[in-house]
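# A closer look at the structure
Here are the chains, one letter per residue:
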Amino acid sequence: MVTVGALLVAFLAYQLVFTNVLGARSQKAAEPALEQRYATAEIAVADTIPVAPPTTTTMPEGTTTTTRVVEAARYTEPAPETGTPFGTIEIPSIGLDKVLFEGVDVPTLKKGPGHMPWTPLPGQPGNAVISGHRTTYGAPFFDLDKLENGDQIIVTTALGKSVYEIRRTIIVAPTDVWVTDEMQGAWLTLTTCNPKYSARERLIVQAALIEGPNYLYVETERQRQLQGAS
Amino acid sequence: MRRLYELLPGPPVVKVVLVVLIVLVALALLGVLFEWAGQFLDTGGTVAVLSYLP
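In short, a report on the structure. A quick note: this is a predicted structure, and the numbers were derived from the prediction, not measured. (Residues numbered from 1 in each chain as written. Chains lettered and ligands numbered in written order. Predicted model: local features only at pLDDT ≥ 70, side-chain atom pairs only at ≥ 80, totals over all residues.)

### Observations concerning the pairing of strand β12 (residues 201-211) of chain A
Bridge count between strand β10 (residues 160-172) of chain A and β12(A): nine bridges; the pairing is antiparallel. Paired with A:Arg168 across the two strands is A:Gln206, which belongs to β12(A). (Pairing = 2+ DSSP bridges. Helix = DSSP H or I, 4+ residues; strand = E, 2+ residues; numbered from the N terminus.)

### A look at the packing of helix α1 (residues 2-40) of chain A against helix α2 (residues 12-38) of chain B
The geometry of α1(A) relative to α2(B) is characterised by a closest axis approach of 10 Å and an angle of 70 degrees between their N-to-C directions. When the axes of α1(A) and α2(B) are compared, the pair comes out roughly perpendicular. At the point where α1(A) passes α2(B), the crossing takes the right-handed sense. Contacts between α1(A) and α2(B) pair A:Phe11, A:Tyr14 and A:Gln15 from the former with B:Phe34, B:Ala37 and B:Gly38 from the latter. For the contact of α1(A) with α2(B), the residue count by class is four nonpolar, two polar and no charged. (Axes fitted to C-alpha atoms, helices over the stretch in contact; angles between N-to-C directions. Parallel < 35°, antiparallel > 145°, perpendicular 65-115°, else oblique. Left-handed = near helix turned anticlockwise from the far one by under 90°. Contact = placed C-beta atoms within 7 Å. Nonpolar A, V, L, I, M, F, W, Y, C, P; charged D, E, K, R; others polar.)

### Considerations on the environment of A:Lys110
Residue and element names in this part refer to chain A. Considering the arrangement of structural elements, one finds Lys 110 in the loop between α2 (106-109) and β7 (114-115). Taking the number of C-beta atoms within 10 Å as the measure of exposure, Lys 110 has 19 and is therefore partly exposed. Expressed as a C-alpha distance, the spacing of Lys 110 and Thr 19, which sit 91 residues apart in the sequence, is 8.1 Å. Discounting residues that sit within four places of it in the chain, Lys 110 has contacts with Leu 22, Gly 23, Ser 26 and Tyr 137. (Buried ≥ 20, exposed ≤ 12 C-beta atoms within 10 Å, placed from the backbone.)

### Some details on the interface of chain A and chain B
With 25 residues of chain A at the contact, the number on the chain B side is 16 residues. Those elements that provide at least two residues to the side of chain A that touches chain B are α1, α2 and β11 (186-194) of chain A. Of the residues in the side of chain A that touches chain B, the class split is twelve nonpolar, ten polar and three charged.

This is the structure in structure tokens:
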């Protein structure tokens with residue numbers, strides 16, 4: 001009985017104290033590599049779309065003026081390697097500020113929140129998915145249940161700052177992979193274990209892009225699709 | 001504990017080395033056990049089809 005009790009205490013100390021020390025160390029150790037990425041990542045223009053078509057106006061005196069086409073660009077950054085840091089995530093309303101890593105494998109998630117490699121990077125059109133521990137390894141998403149619609153999530157990558165606004169919070173089963181499905185516009189989906197201290201369900205927070213280097217492109221594309229549909 | 005120590009073969013130096021080795025192996029096994037059990041507490045929050053879940 002004493003041995004079982006001691007093992008249980010050791011287990012809880014390992015999970016709730018030791019792994020959090022490891023998580024904090026990984027976050028600190030990632031900072032130089034992140035700075036290096038910010039300094040060297042080459043930003044490219046992947047695509048452009050016209051925001052407004054050119055218009056020609058004939059003046060009373062017979063002269064004509066033509067407005068030029070205003071274009072929205074979609075900027076991209078190089079795909080990060082698995083396990084490497086590529087940005088930061090901040091959620092001011094719950095005091096979260098963590099380094100983001102590429103990948104959702106077990107070793108990567110021990111370092112901090114991880115981006116699902118088969119979804120777009122944050123700041124890009126589509127549904128960028130980020131997973132994170134709830135109670136162990138730095139517990140980056142410990143307070144995710146306290147978020148409310150309208151709260152902001154700021155993701156910074158080599159591309160710049162992308163600001164998202166929370167639109168919905170749901171609880172799903174761990175196998176509900178549809179939450180990672182492609183979406184129209186630019187979305188950020190955060191996933192974590194639920195309830196606290198259990199991996200029984202997943203807490204999902206979904207937020208829409210409201211500001212950032214690709215916002216004009218995303219919004220223009222959305223308007224075009226809406227016009228095409230009507 | 002002392003009786004277990006006495007059961008170890010060889011002179012005292014060998015016994016101490018064996019104790020250190022046993023403790024290290026026990027700690028490693030405990031780490032593996034704790035990591036495995038920790039998956040029931042917090043998997044990292046990712047969603048996946050069943051075969052990819054721990």
